[in-house]
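# Residue-level structural notes
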Amino acid sequence: MYRLALNMLFGDRAKLAMLLVGLSFSALLMAQQSSVFFGIMSWTYTPMVNIRSAVWVSDPLVEQVNDAQPMRDTDVTRVRSVDGVAWAAPLHTSILQARLPNGNFKLISLVGIDSDTFAGAPAVLTVGRIEDLRLPNTVLIDEWGANLLGRPETLADGTVRQRPLGVGDTFELNDTEARIVGVCRVKRAFTGGPFVYTTYDRAKAYTAGVRRTLSYVLVEPRPGVAPADLCARIEAETGLKAWTSDTDLWSWGERSLAKSTFWWFWRNTGIPFSFGTAVLLGLFVGIAISGQTFYSFVLENLRYFAAIKAMGAGNGVLLRMLLLQALAAGLLGFGLGVGMAQGIGRAMIEKGMPPFVMYPQVLVATLVLVLGISLCSALIGMAKVARVDPASVFRA
Amino acid sequence: MPDPTSIRIRGVDKSFGAGEARVWALKQADFEARPGELIMLVGPSGCGKTTLLSVLAGTLTADAGEVEVLGRRLDGLSQAELTAFRRANLGFVFQSFNLIPTLTVRENVMVPLLVQGVAREEAEARAGALLAKVGLGGREDDRPGGLSGGQQQRVAIARALVHDPRLLICDEPTSALDKDTGQRVMEMIRELSRSPDRVVVVVTHDHRIFRFADRIAEMEDGRIRRVLDDPSLIDSPSH
């Protein structure tokens, strides 16, 4: 009977198409919006990904990584004195305006790293050497920023194109020259500006007038010392706040700065509400379209269900037939919707925005919701089938 | 001693609605069908033919009276027991065929077997064999929509008989067909359903097929008015 149930469903192409439109649109909306949501939220703790350090130490008032509270330079020494610390290095982060040669201004994220250890330096340099940061007035810029801050140039054929910044190009930060000596590959940030790396001391010069420039202390534990344990020791001995750097959404620990950042944005911005609304919309649209379509599919087939009932099929058999039809439609709709979401996501990733992170958990949740929609639709139809009188077949 | 091959209905009442809106479809109806016969239920619209058919098919429960079908008292059976009874013993030919349009002809015929739990391969073979008998060999994979009305009713006959039921119920089997096709369909019902232990009950308005009956039970106002052993004696075409 169950294969016949599927044949009944697949034989009605128009209804099936309508059903799949509803379910796949719902799956697309839920998966795509959730993935953009997680992508945007992953941008909120981008510095944790780009600046690699096992332990981050901050002012006790810090709640999220983008809102560093300035500390005294002597705090680096205090942290170094804690048992279990292998080394500690200063880090500066701030948002500055870069003045381009054409007079335009662009916001950038300035990162000042320790010039001795280069702790916190980007992992990938596509052009240049990190050691060149020790030269006067030098910076590294990320690939995206190199394109963003690029300048127009006229080619031999007269066409004008945007030429990315490269080694040797300059711009100004607070009226101080910044000369590019390398281009790095890092993850984009929520704040929008490109990352510009320089040394900690030169960052002080670029932020002239700011009394305290120490944003974080980057710490490496001694071998055998767990980062979380070291955090507890640092907090106990210095009164500062210490964080672990785990950025995996699904396994981060209690002391993770990324986690704290994620939940800070959750609580203090409209991002979850906005995307949650879109996901709910997807859910309701799915329920409305597929529920209505499946119900009309059941209504159109009611006399046949009544005939099957008259022939001796019980309500249990008919319920299982409907559930199977709903399950098949749900799986197909899920596959189509998630496939489309992946396609859109890939196109987004190539363009660079908006960010798109499709976790397996998003897929599982979407699958559960789409199947839930399908099964609800089947149950609505089942209420009708269960009540249909087999004697009604004699009245048609 | 109940006869496992016959139908006996005694003093059956069936009404619809309540209070002043109550309508009596059957009033103290008695009916009997013998094994091996094709009996027709005739009468004007609203006389209770379809209700009587539904009661003896176990798709409708009588308010009062005794309903004994194939040796089994149906009054007092639960819905699940009635469903199981229909599954095992009944075949149906409907007025509007009720073939599922999205299934093939073969799949439509297989439905009663699959409902009984027969394996798909066996059901396919039995459906194919019966379709050949009704002259539709080679059309097994067509959809019902591609067949003529007569061909669709032949498919319905194959579906009704594929599981070898002991009671075949035909509700206006020729009303959607032209005269010649209706005659051929009745010939087929009579020929294929003829069996010493099978009862065929046909509800019809179509006087042109009365001659196919062994007996005719004439209904009026919810009860059997008379039963004719010779179908030619009935006064048509008022029915």
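Everything quoted here is computed from the prediction, not taken from an experiment.

### Section: the overall build of chain B
On a plain count of helices and strands, chain B comes out with six helices and ten strands. For 239 residues, the compact-globule estimate of 2.2 N^0.38 gives 18 Å, and chain B sits close to it at 18 Å. Based on the C-alpha atoms only, the size of chain B along its principal axes is roughly 50 × 40 × 35 Å. Expressed as a percentage of its 239 residues, the buried residues of chain B come to 57%.

### Some remarks on the sheet that holds strand β4 (residues 64–69) of chain B
Residue and element names in this part refer to chain B. Pairing in this open sheet of four strands is antiparallel, and the strands run β2-β1-β4-β5 from one edge to the other. The sheet is open, and its two borders are formed by β2 (23–33) and β5 (72–73), each paired with just one other strand. This element, helix α1 (residues 49–56), spans β1 (7–16), β2 and β4 of the sheet and lies at about 60° to β2.

### Let's talk about the pattern of salt bridges
All told, the structure shown has 31 salt bridges over all chains when counted by the stated rule. A:Arg163 is the salt-bridge partner of A:Glu153, the closest N and O atoms lying 3.6 Å from each other. Taken as a pair, A:Glu153 in strand β6 (residues 151–154) and A:Arg163 in strand β7 (residues 160–163) lie far apart in primary sequence, ten residues in all. Accessibility expressed as a relative area gives 24% for A:Arg163, which makes it partly exposed. B:Asp141 is the partner of B:Arg106 in a salt bridge, and the nearest nitrogen-oxygen pair spans 2.9 Å. Taken together, the residues span a long stretch of sequence, with B:Arg106 in helix α3 (residues 105–116) and B:Asp141 in the loop between α4 (120–133) and α5 (149–161) at a distance of 35 residues. Judged by relative accessible area, which is 21%, B:Arg106 ranks as partly exposed.

### Focus on the packing of α3(B) against α4(B)
Residue and element names in this part refer to chain B. Two elements in contact, α3 and α4, have axes separated by 8 Å at closest approach and are oriented at 120°. Between α3 and α4, the interaxial angle falls into the category oblique. Crossing of α3 against α4: the hand is right-handed. Between α3, through Val105, Arg106, Glu107, Val109, Met110, Leu113 and Leu114, and α4, the contact on the second element is made entirely by Arg120, Ala123, Glu124, Arg126, Ala127 and Leu131. Split into classes, the residues belonging to the contact of α3 with α4 amount to eight nonpolar, no polar and five charged.

### Some details on the side chain of A:Gln33
Residue and element names in this part refer to chain A. Mapped onto the elements, Gln33 comes out in helix α2 (residues 13–44). The exposure class assigned to Gln33 is buried, which follows from its relative accessible area of 18%. Excluding its chain neighbours within four sequence positions, the residues that come into contact with Gln33 are Leu28, Phe275, Ala278 and Val279.

### Notes on the packing of aromatic side chains
Residue and element names in this part refer to chain A. In total, this model carries 17 aromatic pairs over all chains according to the counting rule given. Seen from their ring centres, Tyr45 and Trp252 are 5.5 Å apart, and the 75° between their planes marks the pair as edge-to-face. Of this pair, Tyr45 sits in the loop between α2 and α3 (46–50) while Trp252 sits in the loop between β12 (241–244) and α8 (257–268); the two residues are 207 residues apart in sequence, bridging distant segments of the chain. Note on accessibility: Tyr45 and Trp252 belong to one class, buried. Joined through ring pairs, the aromatic side chains of Phe37, Phe38, Tyr45, Trp250, Trp252, Phe262, Trp263, Trp266, Phe275 and Tyr359 make up one cluster. Above the face of the Trp243 ring, Lys241 is positioned so that its terminal group lies 5.0 Å from the ring centre.

### Things to note about the sheet that holds strand β7 (residues 167–171) of chain B
Residue and element names in this part refer to chain B. Across the sheet, six strands lie side by side as β6-β7-β8-β3-β9-β10; this open sheet has mixed pairing. Only two strands of the sheet have a single neighbouring strand rather than two, namely β6 (90–93) and β10 (223–228). Between one strand axis and the next, the sheet turns by 20° as a mean value, whatever way the strands run. Here four bridges tie strand β3 (residues 38–42) to strand β8 (residues 199–203), and the two strands are oriented parallel to one another. Note on β8: the bridge partner recorded for Ile39 is Val201. Contacting β6 and β7, helix α2 (residues 79–89) runs over the sheet at an angle of about 75° to β6. Docked against the sheet, helix α6 (residues 179–193) engages β3, β7 and β8, running at close to 140° with respect to β3.

### A word on the domain arrangement of chain A
Once the domains are mapped, chain A shows domain 1 (2–42 + 271–394) and domain 2 (50–246). Taken over C-alpha atoms, the centre of domain 1 of chain A sits 48 Å from the centre of domain 2 of chain A.

### Section: the packing of α2(A) against helix α12 (residues 360–387) of chain A
All names here are of chain A. α12 packs onto α2 with a crossing angle of 150° between their chain directions and a minimal axis gap of 10 Å. The angle between α2 and α12 falls in the class roughly antiparallel. Along this stretch, α2 crosses α12, giving a crossing that reads as right-handed. Seen from α2, the contacting residues are Leu23, Ser26, Ala27, Met30, Ala31, Ser34, Ser35 and Phe38; seen from α12, they are Val362, Thr366, Leu369, Val370, Ile373 and Ser374. The class makeup of the residues in the contact of α2 with α12 is nine nonpolar, five polar and no charged.

### Notes on unusual backbone geometry
In the Ramachandran plot, B:Gln28 falls in the positive-phi region, its phi being about 50° despite a non-glycine side chain. With respect to the helices, strands and loops of the structure, B:Gln28 is situated in strand β2.

### Focus: the interface of chain A and chain B
By a widely used convention, the size of an interface equals the accessible area lost when the partners come together. Listed by partner, the interface residues are 24 residues for chain A and 28 residues for chain B. Carbon and sulfur atoms make up 65% of the surface buried where chain A meets chain B, a total of about 2400 Å² over both sides. It is A:Leu4, A:Met311 and A:Phe394 in chain A that bury the most area against chain B; as a group they hold 33% of the surface buried on that side. Applying the counting criterion to the chain A and chain B interface returns zero salt bridges. At the boundary of chain A with chain B, the tally comes to seven residue pairs in polar contact (both at pLDDT 80 or more). Sorting the residues of the side of chain A that touches chain B by element identifies α1 (2–11) and α10 (302–310) of chain A as the ones contributing at least two each. Top contributing element to the side of chain A that touches chain B by residue count: α10(A), with six residues. In terms of residue class, the side of chain A that touches chain B is made up of 14 nonpolar, four polar and six charged.

### Some details on the environment of B:Glu66
All names here are of chain B. Here Glu66 is to be found in strand β4. Here Glu66 falls in the partly exposed class, since its relative accessible area comes to 40%. Residues Glu66 and Val12, 54 residues apart in the sequence, show an inter-C-alpha distance of 6.3 Å. Excluding anything up to four places from it in sequence, Glu66 contacts Arg8, Ile9, Arg10, Val12, Arg73 and Asp75.

Procedures and definitions
Residues numbered from 1 in each chain as written. Chains lettered and ligands numbered in written order. Predicted model: local features only at pLDDT ≥ 70, side-chain atom pairs only at ≥ 80, totals over all residues. Heavy atoms only, no water. Helix = DSSP H or I, 4+ residues; strand = E, 2+ residues; numbered from the N terminus. Rg over C-alpha atoms; globule rule 2.2 N^0.38 Å. Buried < 20%, exposed > 50% of the residue type's maximum accessible area, 1.4 Å probe, protein only. Pairing = 2+ DSSP bridges. Contact = heavy atoms within 4.5 Å. Axes fitted to C-alpha atoms, helices over the stretch in contact; angles between N-to-C directions. Salt bridge = Lys/Arg side-chain N within 4 Å of Asp/Glu carboxyl O. Parallel < 35°, antiparallel > 145°, perpendicular 65-115°, else oblique. Left-handed = near helix turned anticlockwise from the far one by under 90°. Nonpolar A, V, L, I, M, F, W, Y, C, P; charged D, E, K, R; others polar. Phe/Tyr/Trp six-rings, centres within 6.5 Å; stacked < 30°, edge-to-face > 60°. Lys NZ or Arg CZ within 6 Å of the ring centre and 35° of its normal. Domains from an automatic or database assignment. Buried area = accessible area lost by both parts, 1.4 Å probe. Polar contact = N/O pair within 3.5 Å; in protein donor to acceptor, adjacent residues only side chain to side chain.

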